[in-house]
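Below, each chain spelled out in residue letters.
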Amino acid sequence: MIPTIERESYAITAKADGLRRIILFDTNPPNTNLRIVIFSNSMQKLDEFIVNNNINHIFMGRSLIDCEKIGDIFFAFDAIIINGNDVRNNSFIKRYQLL
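Residues numbered from 1 in each chain as written. Predicted model: local features only at pLDDT ≥ 70, side-chain atom pairs only at ≥ 80, totals over all residues. Heavy atoms only, no water.

Participant: Before we go on, may I ask you to explain the pairing of strand 4 (residues 62–70) in this structure?
Facilitator: In terms of strand pairing, strand 1 (residues 19–26) meets strand 4 through eight bridges, oriented antiparallel. Along strand 4, the bridge assignment pairs arginine 20 with glutamate 68. With seven bridges joining them, strand 4 and strand 5 (residues 73–82) adopt antiparallel strand pairing. Among the inter-strand pairings, leucine 64 is bridged to a residue of strand 5, identified as isoleucine 81. If you look at the hairpin formed by strand 4 and strand 5, you'll find two residues sitting between the two strands, and glycine 71 has a positive phi there, around 65°. (Pairing = 2+ DSSP bridges. Helix = DSSP H or I, 4+ residues; strand = E, 2+ residues; numbered from the N terminus.)

In structure tokens:
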């Protein structure tokens, strides 16, 4: 007999064949320009951008997002830190809803 996996313990999402990337969004202190840093999955810094804070964005403070890069598009699939709050201990569903 195959054991049953509890639903709250695991989540399944579609897998894209891109490159895994971690993106840091940083507006510390608030009301400054948005700093975006892109890291490889081994946390090697790959690129950094400064974006004028006059644009609308959902991140205030510091956020760290796990992504898949396909071509020039980043597809977020998990949240690590949102607006300065470490959300790693939240369920996957709750983290995914924050994206």
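Participant: It is not clear to me how the pattern of salt bridges should be interpreted in this structure. Could you clarify?
Facilitator: One side chain can pair with another of opposite charge once the charged atoms of both are near each other. Going through the model one piece at a time under the given rule, you end up with seven salt bridges. Arginine 35 serves as the salt-bridge partner of aspartate 26, at 3.3 Å between the closest nitrogen and oxygen. We classify aspartate 26 as buried; its relative accessible area is 7%. Take arginine 35: its relative accessible area is 27%, and that puts it in the partly exposed class. As a salt-bridge pair, arginine 95 and aspartate 78 come within 2.8 Å of each other at their nearest N and O atoms. Here arginine 95 is found in helix 1 (residues 92–97), whereas its partner aspartate 78 is found in strand 5, with 17 residues between them in sequence. Arginine 95 gets classed as buried once you look at its relative accessible area, which sits at 12%. (Salt bridge = Lys/Arg side-chain N within 4 Å of Asp/Glu carboxyl O. Buried < 20%, exposed > 50% of the residue type's maximum accessible area, 1.4 Å probe, protein only.)

Participant: Where do I start with the side chain of aspartate 66 in this structure?
Facilitator: Positionally, aspartate 66 belongs in strand 4. Apart from the residues within four sequence positions on either side, aspartate 66 is in contact with Arg20, Arg21, Ile22, Phe75, Ala76, Phe77, Asp78 and Ile80. (Contact = heavy atoms within 4.5 Å.)

Participant: Honestly, unusual backbone geometry in this entry has me stumped. Any pointers?
Facilitator: Negative phi values dominate among residues other than glycine, just as trans dominates among peptide bonds. The backbone of methionine 43 shows a phi angle near 65°, a positive value even though the residue is not glycine. Of note, methionine 43 is situated in the loop between strand 2 (34–40) and strand 3 (45–51). A relative accessible area of 43% places methionine 43 in the partly exposed class. For asparagine 83, which is not glycine, the phi torsion reads 50° and is therefore positive. Here asparagine 83 lies in the loop between strand 5 and strand 6 (85–86). Exposure remark for asparagine 83: the relative accessible area of 33% places this residue in the partly exposed category.

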